[in-house]
Structures are given as C-alpha cells and as structure tokens.
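# Commentary on secondary and tertiary structure
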Amino acid sequence: MDTNAVYQDTFREELIDGEIVKMAPPPVGHVFAANSILYIFKRYLKGKKCIPFGGLLVHLTENDRFVPDMMVVCDRSKIRRNGVYGAPDLVVEVLSPSTAKNDKGYKKDVYESSGVPEYWIVDPVVRSIEVYLLRNGRYVLDNIYTLYSAEELEEMTDEEKAAVITEFKCHLDDDLVIRLEDIFNDWF
C-alpha cells in the first residue's frame, strides 16, 4: 500500500461562509511551523488554565467553522466533544498557497468579528509572523516579525539590523516569549 497516496487523499473540511471547503494536506514547511508553535504553547501552558489545540474545529458562527493550525482556549466551558464553541483567546493560521487568501481575508474578518483577541498569520516561506490584536472590535497590526537568513542580514545596514526583532512576547501572557528561531530555524 502506498501511504503517500492515502495521505494525499486525506482532506479536512471547513465551513467557510456557509460552503464546505476541503483542505488539501499542507506542505511540509507548513506542518513544521504549526507543530513548532503548538509545541511552544503546550510546553508553556502545561498545568495552566489555558489549553492549546492544533487541528481542532472551532465553531464561530452558523456559517463559519474553521480548523485553525493552532489555537489557545482559556475558557474551558467553550471546549466540547466535537470542537470549540466561541472565540478562542489566540488563533494561529500558517499560510499555504491554497489557504493564504482566506487566512488573510475572510477568516481574519470572521476571527475579528467573533472577538478573537489575538490572531497570528505565519508565513513559513518568508519566515514571518504577523501579529494582530483586537482593539475596539477591530484588528490592529501589532507587528510583523521576520527571521532573516545570514545572507539577508549581511546585505542590511547596521541601522536595519538594529531594527530586526527576532523574539516577542505573546499578549496572552507577558511571560511567554516567542523566539522565531524556535519556529523556523530547524527546518528552513
């Protein structure tokens, strides 16, 4: 039996604006980044009230049920047998060629209107994380963090290098520092 053939035929489904959308298996870089982020949160949140999930259905509206790459839920009453009902405290979507438009557009809008306080868009190709924070019911871009290669850094001026930020604090908890090299360096 060719296990690649079985994997390639395996699709997850989301309900996006009332339509069932099959999600193709993601590229390796996508999976690696999503798993790295999930690992960081699982390790940090162990024994705390908030719980990280990867690949679990979140029910946001009657017409919108998404499977984010990672989410954190602090209100455990939202967690049920078949998914999370209501806004998670943090949602992470890792871009793939087939999902980027929805992740940056429609899904971002639904996460915003559903009251998700923090939303990350992770680009494994560019090695960046866009962090959006909910302020007065609207997402505001907090920052874009990028892990540059040694070659890219060599081409930068000293001023540009000084402006590069390779770690940041997750707004979920001030003690949680996210280091880009923990997400991107092992694979990319």
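Every chain begins its residue count from 1, and numbering advances along the sequence as written. Local features in a predicted model are, by the rule used here, given only for residues with pLDDT of at least 70; side-chain atom pairs are given and counted only at 80 or more, and totals for whole chains, interfaces and linings are based on all residues. Calculated side-chain values reflect all of the structure's heavy atoms, with hydrogen atoms and water omitted.

## Considering the layout of surface pockets
Definitions used for this entry: grid spacing 1 Å over protein atoms alone; cavity, a set of points where a 1.4 Å probe fits but cannot get out; pocket, an open set with protein on both sides within 12 Å along at least 5 of 7 lines; lining residue, one with an atom within 4 Å of a point. Grid points are joined across faces, edges and corners, and a volume is the space filled by probe spheres set on the points. In this structure, the largest pocket spans a volume of roughly 190 Å³. Around the largest pocket, the lining comprises 19 residues; the ones closest to its centre are Glu14, Met23, Ser98, Thr99 and Lys107. Segments assigned H or I by DSSP are reported as helices when at least four residues long, segments assigned E as strands when at least two residues long, and all are numbered from the N terminus. Residue assignment for the lining of the largest pocket shows that the elements contributing at least two residues are β1 (12–16), β2 (19–23), β9 (90–94) and α3 (100–104). Tallied by class, residues from the lining of the largest pocket come to 7 nonpolar, 5 polar and 7 charged. In this classification, the charged set is Asp, Glu, Lys and Arg, the nonpolar set is Ala, Val, Leu, Ile, Met, Phe, Trp, Tyr, Cys and Pro, and all remaining amino acids, among them Gly, are polar.

## Here we look at the state of the cysteines
Covalent bonding between the sulfur atoms of two cysteines defines a disulfide. Only a pair of cysteine sulfur atoms within 2.5 Å counts as a disulfide in this structure description. A complete count under the given rule lists 1 disulfide for this structure. Bridging cysteine 50 to cysteine 74, the disulfide has an S-S length of 1.9 Å. Classification of the bridge connecting cysteine 50 and cysteine 74 rests on its S-S torsion, roughly 100°, and on that basis the disulfide is right-handed. Here the residue cysteine 50 occupies a position in the loop between α2 (28–45) and β3 (51–53), and cysteine 74 occupies one in the loop between β6 (70–73) and β7 (79–80), the gap between them amounting to 24 residues. Summary of cysteine pairing: cysteine 170 is not part of a disulfide, and the nearest cysteine sulfur, belonging to cysteine 74, is at 9.3 Å. Judged by relative accessible area, which is 0%, cysteine 170 ranks as buried. The cut-offs for exposure are 20% and 50% of the maximum accessible area for each residue type, with area from a 1.4 Å probe on protein chains only; residues under the lower value are buried, those over the upper are exposed, and the others partly exposed.

## Observations regarding the pattern of salt bridges
In the sections that follow, a salt bridge refers to a side-chain nitrogen of Lys or Arg positioned within 4 Å of a carboxyl oxygen of Asp or Glu. Scanning the model with the defined rule gives 4 salt bridges in all. Between aspartate 103 and lysine 107 there is a salt bridge whose closest N-O contact spans 3.4 Å. Taking the relative accessible area as the measure of exposure, aspartate 103 reaches 1% and is therefore buried. Since its relative accessible area comes to 2%, lysine 107 is described here as buried. We note a salt bridge from glutamate 167 to arginine 179, for which the minimum N-O separation is 3.5 Å. Placement of glutamate 167 in strand β13 (residues 167–169) and of arginine 179 in strand β14 (residues 177–179) is noted, with a sequence separation of 12 residues between them. Judged by relative accessible area, which is 39%, glutamate 167 ranks as partly exposed. Exposure remark for arginine 179: the relative accessible area of 34% places this residue in the partly exposed category. What you see here is one network of salt bridges that share partners, running through Glu93, Asp103 and Lys107.

## Some words on unusual backbone geometry
Phi is positive for arginine 127, close to 65°, though the residue is something other than glycine. Structurally, arginine 127 is set in the loop between β10 (118–123) and β11 (128–135). Its relative accessible area of 11% is what places arginine 127 among the buried residues. Within the chain, asparagine 136 stands out as a residue other than glycine whose phi angle is a positive 55°.

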